[in-house]
Amino acid sequence: MTLLVALTWDPKPWVERFRLHLPEHPIAVLGEDFDRSRVRYVATWGPKPGSLSDLPALEAIFSLGAGVDHLMGYPNLPNVPIVRVSQDDLTHRMSEYVVMHCLIHLRDQRRYDADQRAKRWDSDRAPPIAGDVRVGVMGFGALGQDAAYKLKVMGFDVAGWSRTPKSVEGFEIFSGEAGLDAFLARTDILVSLLPLTPETRGILNLSLFRKLARNGRLGGPILINAGRGGSQVEADILACLDDGTLKAATLDVFEVEPLPQESPLWTHPRVTVSPHNSAVSDPEMTARYIAGQIRRHEAGEPFQNVVDQARGY
Ligand code: NDP
Ligand code: OXD
C-alpha cells in the first residue's frame, strides 16, 4: 500500500528519502498517475484543495512540518489522525535560531556590524550580561522548552507562557489570558513559538507590545517571532518600532510569504528578516521520523505527536 507525497515544492528529494526509508511501501507523487484506492498514508505540506479526497484506504496524514495550520483550514479534511513533525533535528535548528538572535540583541551585534561597515572603532560600550535580560517564550511546547533550556544555559532569565498551566522545573510558566499580562511585564525579549490558531491569530499586536517591560537593560523590548506570521500584526510592529514601544524585531515568519518586495520590513534598520527557515524540515530526518511512525502504527502502537484538531495544533 502506498504513501502519497503531496507537496507544493519539488517532491524529488522527499520521494528519494521515503523510498530509502520505507522500501516496503510504494511511493506515489501527487500530479503523477497512481491508484487512489491504494493510498494508506499521505505526507504533505500545503495540499491543494481536492488532493486529499477520494482516498478510501487512508489511515493517517503526516504534516511535513511541526505546524499544521496549513491543514486546519483544508476543506473536507479526511477524518484520520494528523501526525506532525516533532523531532530533535527540527527542534535543535529552532533553538539555534532563537539563541543566536537573543545573543545578537544582547550583544548589540547589529550596531557592531554597522560600525564595521563605517570603519568605526567604538569600544566604550559595555553590554549587559545574559543574566540581566529576561526572555519570555510564548508557546512553551516542544520548541519553546528546548529553546528555553538552551537560553538558560547561556544565563538568560527565562519564563514561558502556554495555553494550559504546566510545571517545568527551573522555569516560571504563566498560562492563558490570566497569566499573560504578568508574563509580558517581566519580558525584555519576547520570543514567539506559538502555533497559528484562531486564538493566536494577530496576538502580537500593539496592545500586547505596550505591556512588555519598560525597565529592561536592552533599552526597549525586542520581538523575535519564529512561530507563524499570522500571529503578528506587521503594521503594529512597524508603528511600535517607530514610536519606541519596541526597540527591534527579528522575524522569520510573515503575514504574507514570501515577504512582498514592497514591505517596509525588508529595509527597516531595526528589523532582521529571515525567510521562514529558522527550522527547516530536513528530508532525510523527516522521512526517517515518518517511517518510524508508520512502523509503530503497523506494529499496533499509537502514532506519536497526533494533532488535536479541536485545539488546532
Ligand atoms: P507544540 O504543540 O509542542 O507547542 C505549542 C505551544 O504553544 C504549547 O505550549 C501550547 O500550550 C502553546 N499554545 C498554543 N495555543 C496557545 C494559546 N492560545 N495561548 C497560549 N499558548 C498557546 O508545538 P511546537 O513547539 O512543536 O511548534 C510550535 C510552532 O512553531 C508550530 O506550530 C509552528 O507554527 C512553528 N514552527 C515554525 C518553524 C519555522 O521555521 N519558522 C519551524 C517549526 C515550527 P499548551 O502547552 O498548553 O498546549
Ligand atoms: C514548520 C515550519 O511548521 O517549517 O515546521 O514552519
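This section reports on the structure supplied with the text. It should be emphasised that the depicted structure is a prediction, and the values quoted were computed from it without experimental measurement. (Residues numbered from 1 in each chain as written. Chains lettered and ligands numbered in written order. Predicted model: local features only at pLDDT ≥ 70, side-chain atom pairs only at ≥ 80, totals over all residues. Heavy atoms only, no water.)

## Some remarks on the site of ligand 1
Here comes step 1: The immediate surroundings of ligand 1 are formed by 29 residues, with Arg84, Ala142, Thr164, Lys166 and Tyr313 found nearest.
Here comes step 2: Ala226 places a polar main-chain atom, nitrogen or oxygen, 3.0 Å from a nitrogen atom of ligand 1.
Here comes step 3: In the model, an oxygen atom of ligand 1 is placed 2.5 Å from a nitrogen or oxygen of the Tyr313 side chain.
Here comes step 4: When the free accessible area of ligand 1 is taken as 940 Å², the share hidden by the protein chains comes to 92%.
Here comes step 5: The residue makeup of the shell around ligand 1, split by class, is 14 nonpolar, nine polar and six charged. (Near = heavy atom within 4 Å. Polar contact = N/O pair within 3.5 Å; in protein donor to acceptor, adjacent residues only side chain to side chain. Areas by Shrake-Rupley, 256 points an atom, 1.4 Å probe, with all protein chains shown as cover. Nonpolar A, V, L, I, M, F, W, Y, C, P; charged D, E, K, R; others polar.)

## Let's talk about the sheet that holds strand E4 (residues 60–63)
Here comes step 1: Spatially, the five strands line up as an open sheet ordered E2-E1-E3-E4-E5, and their pairing is parallel. Of all strands in the sheet, those with a lone pairing partner are strand E2 (27–29) and strand E5 (82–83), marking the two edges.
Here comes step 2: With two bridges connecting them, E4 and E5 associate as parallel partners. By the bridge assignment, Ile61 is partnered in E5 with Ile82. (Pairing = 2+ DSSP bridges. Helix = DSSP H or I, 4+ residues; strand = E, 2+ residues; numbered from the N terminus.)

## A few points about unusual backbone geometry
Here comes step 1: Of note, the amide linkage connecting Glu257 to Pro258 takes the cis form, showing an omega dihedral of -5°.
Here comes step 2: Examined against the element boundaries, Pro258 turns out to sit in the loop between strand E11 (248–251) and strand E12 (271–273).
Here comes step 3: In this structure, Lys119 is a non-glycine residue whose phi angle is positive, near 50°.
Here comes step 4: Note on placement: Lys119 falls in the loop between helix H4 (109–117) and strand E6 (134–138).
Here comes step 5: Of the residues examined, Lys119 reaches a relative accessible area of 78% and is grouped as exposed. (Buried < 20%, exposed > 50% of the residue type's maximum accessible area, 1.4 Å probe, protein only.)

## Here we look at the side chain of Thr187
Here comes step 1: Here Thr187 shows up in the loop between helix H6 (176–185) and strand E9 (189–192).
Here comes step 2: Every residue in contact with Thr187, bar those within four places of it in the chain, is listed here: Arg134, Gly136, Leu212 and Ala213. (Contact = heavy atoms within 4.5 Å.)

## Description of the sheet that holds strand E7 (residues 157–162)
Here comes step 1: Strand order across the open sheet formed by seven strands is E8-E7-E6-E9-E10-E11-E12, with parallel pairing between neighbours. For this open sheet the edge positions go to strand E8 (172–175) and E12, each flanked by a neighbour on one side alone. Across the sheet, the mean angle separating the axes of adjacent strands is 15° when strand polarity is ignored.
Here comes step 2: Sheet topology note: the E7/E8 ladder contains four bridges and is parallel. What sits directly across from Trp161, in E8, is Phe174. (Axes fitted to C-alpha atoms, helices over the stretch in contact; angles between N-to-C directions.)

## Considerations on the environment of Asp88
Here comes step 1: Take Asp88: it is sitting in helix H3 (residues 88–106).
Here comes step 2: As a C-alpha pair, Asp88 and Gln232 span 144 residues in sequence and 27 Å in three-dimensional space.

## Some details on the site of ligand 2
Here comes step 1: Around ligand 2 lies a shell formed by Trp45, Gly65, Ala66, Gly67, Leu90, Arg228, His276 and Ala279.
Here comes step 2: Within the contact set of ligand 2, an oxygen atom lies 2.7 Å away from a backbone nitrogen or oxygen of Gly67.
Here comes step 3: Protein contacts shield 85% of the accessible area of ligand 2, which totals 210 Å² for the unbound molecule.
Here comes step 4: Per-class residue counts for the shell around ligand 2 are four nonpolar, three polar and one charged.

## A look at the packing of helix H1 (residues 12–21) against helix H9 (residues 283–298)
Here comes step 1: Viewed as axis vectors pointing N to C, H1 and H9 meet at an angle of 45°, and their least axial separation amounts to 9 Å. Taken as axis vectors, H1 and H9 run oblique relative to one another. Considering the relative orientation of H1 and H9, their crossing is right-handed. Between H1 and H9, the contacting residues are Pro13, Trp14, Arg17, Phe18, Leu20 and His21 on the first element and Pro283, Glu284, Thr286, Ala287, Arg288, Ile290, Ala291 and Arg295 on the second.
Here comes step 2: Looking at the contact of H1 with H9, its residues break down into eight nonpolar, two polar and four charged. (Parallel < 35°, antiparallel > 145°, perpendicular 65-115°, else oblique. Left-handed = near helix turned anticlockwise from the far one by under 90°.)

What is shown is where atoms sit, not what they do.
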